[in-house]
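In case you want the letters, here they are:
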Amino acid sequence: MGKKVTLKYNEKEYNFDLLKGSEDENAIDVSKLRSDLNLITLDPGFKNTGSCKSAITFLDGEKGILRYRGYSIEDLAKNADFLEVAFLLIFGELPTKNQLNKLIADIQDNAIIDEDLKKILVSFPRSAHPMGILSSLTSALIAFNPEKKISLTKKTGDEHAYMYNLIVKLLAKIPILVAWVYRRRNGLSLDYGDYTQGYVENVTKMMFQRPNQKYIKNDVIVNAMNKLLILHADHEQNCSTSTVRIVGSSEASLFASVSAGISALWGRLHGGANQAVLEMLEAIKNDGGDTKKFMEKAKDKNDSFRLMGFGHRVYKNFDPRAKIIKVTAHEVLKDLGIKDPILNIAKSLEKEALNDPYFTSRKLYPNVDFYSGIIYKALNIPTEMFTVMFALGRVPGWIAHWREMRMNNDPIGRPRQVYTGSKKRDFLPLKNR
Ligand code: SDX
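Residues numbered from 1 in each chain as written. Predicted model: local features only at pLDDT ≥ 70, side-chain atom pairs only at ≥ 80, totals over all residues. Heavy atoms only, no water.

Caption draft 1: Spatial organisation of a nonpolar patch on the surface. Together, I40, L42 and V418 make up a nonpolar patch on the protein surface, roughly 270 Å² of accessible area in all. With respect to the element layout, L42 can be found in the loop between α1 (33-37) and β4 (57-60). The exposed category is assigned to L42, whose relative accessible area is 61%. (Patch = residues over 30% accessible without salt bridge, like charges linked within 9 Å, V, L, I, M, F, W, Y side chains within 5 Å. Areas by Shrake-Rupley, 256 points an atom, 1.4 Å probe, with all protein chains shown as cover. Salt bridge = Lys/Arg side-chain N within 4 Å of Asp/Glu carboxyl O. Helix = DSSP H or I, 4+ residues; strand = E, 2+ residues; numbered from the N terminus. Buried < 20%, exposed > 50% of the residue type's maximum accessible area, 1.4 Å probe, protein only.)

Caption draft 2: Structural view of the nonpolar core. By size, the foremost hydrophobic cluster in this structure holds 120 residues, and its most contacted members are Y68, M207, L307, I374 and I381. Sort the elements by how many residues they give to this core and helix α7 (residues 157-185) lands first, with 17 residues. (Core = buried A, V, L, I, M, F, W, Y, C linked by side-chain atoms within 4.5 Å.)

Caption draft 3: Up close: the site of the ligand. Taken together, 25 residues surround the ligand, and among them H235, G309, H312, R321 and R394 come closest. Interatomic distance of 2.6 Å between a side-chain N/O atom of H312 and an oxygen atom of the ligand. Contact between the ligand and Y358: a nitrogen atom at 2.9 Å from a side-chain N or O atom of the residue. Here the ligand loses 79% of its free accessible area of 1100 Å² to cover by the protein chains. Residue composition of the shell around the ligand, by class: nine nonpolar, seven polar and nine charged. (Near = heavy atom within 4 Å. Polar contact = N/O pair within 3.5 Å; in protein donor to acceptor, adjacent residues only side chain to side chain. Nonpolar A, V, L, I, M, F, W, Y, C, P; charged D, E, K, R; others polar.)

Caption draft 4: The arrangement of the sheet that holds strand β5 (residues 65-68) in detail. Spatially, the three strands line up as an open sheet ordered β4-β5-β6, and their pairing is antiparallel. Each end of this open sheet is capped by a strand with a single partner; those strands are β4 and β6 (71-72). Sheet analysis places β4 next to β5, joined by four bridges and oriented antiparallel. From the neighbouring strand, D60 faces β5, where its bridge partner is I65. (Pairing = 2+ DSSP bridges.)

Caption draft 5: Structural detail: the domain arrangement of the chain. Domains assigned within the chain are domain 1 (4-65) and domain 2 (73-416). One C-alpha centre belongs to domain 1, the other to domain 2; they are set 30 Å apart. Every contact between the two is made by 18 residues of domain 1 and, on the other side, 19 residues of domain 2. A buried area of about 1500 Å², summed over both sides, lies between domain 1 and domain 2, and 58% of it is on carbon and sulfur atoms. Per-residue buried area on domain 1 facing domain 2 is highest for I56, T57 and L59; these three make up 37% of the total on that side. At the surface where domain 1 touches domain 2, the tally comes to zero salt bridges. Tallied by class, residues from the side of domain 1 that touches domain 2 come to six nonpolar, six polar and six charged. (Domains from an automatic or database assignment. Contact = heavy atoms within 4.5 Å. Buried area = accessible area lost by both parts, 1.4 Å probe.)

Caption draft 6: Summary view of the pattern of salt bridges. With the rule as written, the count across this model stands at 20 salt bridges. Two residues, K285 and E282, come together in a salt bridge whose shortest N-O distance is 3.6 Å. On the criterion of helical spacing, the pair formed by K285 and E282 is a turn pair, its members being three residues apart in helix α12 (residues 273-286). Relative accessible area serves as the criterion here: at 33%, K285 is assigned to the partly exposed category. The salt bridge involving K292 is made with E352; its shortest N-O contact spans 3.8 Å. Of this pair, K292 sits in helix α13 (residues 291-299) while E352 sits in helix α15 (residues 341-354), and the two are 60 residues apart along the sequence. One salt-bridge network, held together by shared partners, links R245, E404 and D410.

Caption draft 7: Region of the structure containing the pairing of strand β1 (residues 4-9). Sheet analysis places β1 next to strand β2 (residues 12-20), joined by six bridges and oriented antiparallel. In the sheet register, T6 faces β2, and the bridge partner there is N15. Two successive antiparallel strands, β1 and β2, enclose a turn made up of two residues, where N10 displays a positive phi of approximately 50°.

Caption draft 8: Just the environment of I112, in detail. Topologically, I112 is positioned in the loop between α4 (97-109) and α5 (116-122). On the basis of relative accessible area, I112 is assigned to the exposed category, the value being 54%. Residues I112 and K173 lie 61 residues apart in sequence; the distance between their C-alpha atoms is 7.0 Å. When near neighbours in sequence (up to four residues on either side) are disregarded, I112 contacts K173, I176 and Y192.

Caption draft 9: Here's a closer look at the packing of helix α9 (residues 219-231) against helix α14 (residues 320-335). Where α9 meets α14, the closest approach of the two axes is 11 Å, and the angle between their N-to-C directions is 170°. The orientation of α9 with respect to α14, classified from their angle, is roughly antiparallel. On the side of α9, the interface is formed by V220, A224, K227, L228 and L231, while α14 contributes R321, I324, I325, T328, E331, V332 and D335. Grouping the amino acids of the contact of α9 with α14 by side-chain chemistry returns seven nonpolar, one polar and four charged. (Axes fitted to C-alpha atoms, helices over the stretch in contact; angles between N-to-C directions. Parallel < 35°, antiparallel > 145°, perpendicular 65-115°, else oblique.)

Caption draft 10: Region of the structure containing a positive patch on the surface. Together, K47, R268, K301, R306, R313 and R362 give the surface a local cluster of positive charge. With a relative accessible area of 64%, K301 lands in the exposed category. (Lys, Arg positive; Asp, Glu negative; His and termini not counted. Charge placed at Lys NZ, Arg CZ, Asp CG, Glu CD.)

Caption draft 11: Structural detail: the side chain of D106. Mapping D106 onto the fold places it in helix α4. If we skip the residues at most four places from it in the chain, D106 touches Y164 and V168.

This is the structure we're talking about:
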C-alpha cells in the first residue's frame, strides 16, 4: 500500500495517494479532489502542479541536473549527434546503427515540400518575424500532408508505423522550412538540401550555401550547431512543450500541435529570450558598456527592464546548458577568429549578477538563452532567427511529448478556475442603461 497524504477539511480527514517518481520526487495525486470534496487547487503558472507522468526528461532545478531518458546533457552534448538524440527522446533508446541509417534514409525520402508552400512563404512581408512565418508554414504543412486520426490506444503495428511516418515527415520538413525562412530574408534560392550528408550538416548547408560558391564544410560551425540543437532538444514540461501537449490532447494533429508550440516559444520570457539577450547586450554596448546601470534597472521594480537570459522557473542553480554554451561560445569565437565585445559584456554582467544579493537571494542564474545568441551571431545568423534555431532544436522534444501523451491516452487538458466575476443579474434593455 503506497503512502498517503491527509487533508483535513470541514472537520473531516481525507487521504490522497503520495506518488513517487523514479528520481524520488513526490507528488500528491489530487485527481479525485473535485469528485470527493468538490474542491479544486489554484496554482497560477502551474509552479507547483504536475500536468502528467512522463519518462522523457528529468531535471533537478536545485542541483542543476538535466537528463534525456537518463543520459546526462553533458554526456550527450559532448558525444552524441543531434539525430541520435532526437531518436532517443522520441523512441526512448539510443538508436542502433541500422535504426539511425534507416531514420536518415526515411528523412531523406521525405525531404521535399510542395512547391505551393513557397507561395505562402513569399506572401509574407520580408519584415515578418521568422517565428510567425515558421509557425504558419508548419501548420500549412497539414494542407499538403493530410493526417488521419491515430488512436494509438489499440497499439497496433500499423498505427505505430503511421506515427513513425508522421514523425519522419516533420523531422525532414522543419529544417527545410527554417532554411527557407532564413534564405528568403536574404533573397536566396529555396532548395531541399541532402540529408545523406548528415542531418546537422544539411541544416547548415541549406542555410549558408551561397549561389555560385562551392560549399565547404566548416566543422566548427557544424559541431557548434550540433551541440546547440542537442542542448535545446527537450526540457520537460516548459511553456511550449505544455502547449504542444495540451493542443495534442484534443487529438489535434502533430503538425498543428508543433505549430502551437512554436508560437508559445516565441515569447520573450521563453525561447524569445535568446533574441532579447542579444538586443540587451547590444543596447549595453551602444550605451557605453555600463553594465552596472543596467543591473540597477533590472532590480528596479518600477522599471520593466529584466536581465534577459537570467532566472528560470525550475533552475535555482546554474542551468547546466548555460555552462556548456558559455564554454562553446568562447571556443567558437576563438576558432573562427572573432573578437566580439558582446561576449565580454555578457561575462561582466554574469559576474556582477552572481555577486549581487538581489540575484543571489532570488537564485537567478544565467539560463540557456544567455550565451546561445553569441554563438548564433558568430555563425552569422541574424538576431531575429535566434528563436527559430531554438525551435529547430526543440522539435524532437515536442514530438516526443506529443507521442507520449497520445500513447498514454492522456485525457484532454481542461483546467478549472476560481470565478471572481459578477453574480447572477438580469438583462437590462438598452433604453434603461
Ligand atoms: C526558457 O521552463 C523552461 O524549461 C524554459 C526553458 C526551456 O528550455 O524550455 O528553459 C527556456 O524559457 C529559459 C528562460 C528564458 N527567459 C528569460 O531569460 C527571461 C528573463 N527571465 C525571467 O523573465 C524569469 O526569470 C522567468 C520567466 C524565466 C522565470 O520567471 P518565474 O519563475 O515566474 O519567476 P518570477 O518572475 O516570479 O521571478 C521571481 C523574482 C521576482 O522578483 P520578486 O517579485 O521576488 O521581487 O525574481 C525576479 C522577479 O522580478 N526576476 C528577475 C528576473 N527573473 C526573475 N529580476 C530581474 N531580471 C530577471 N531576469
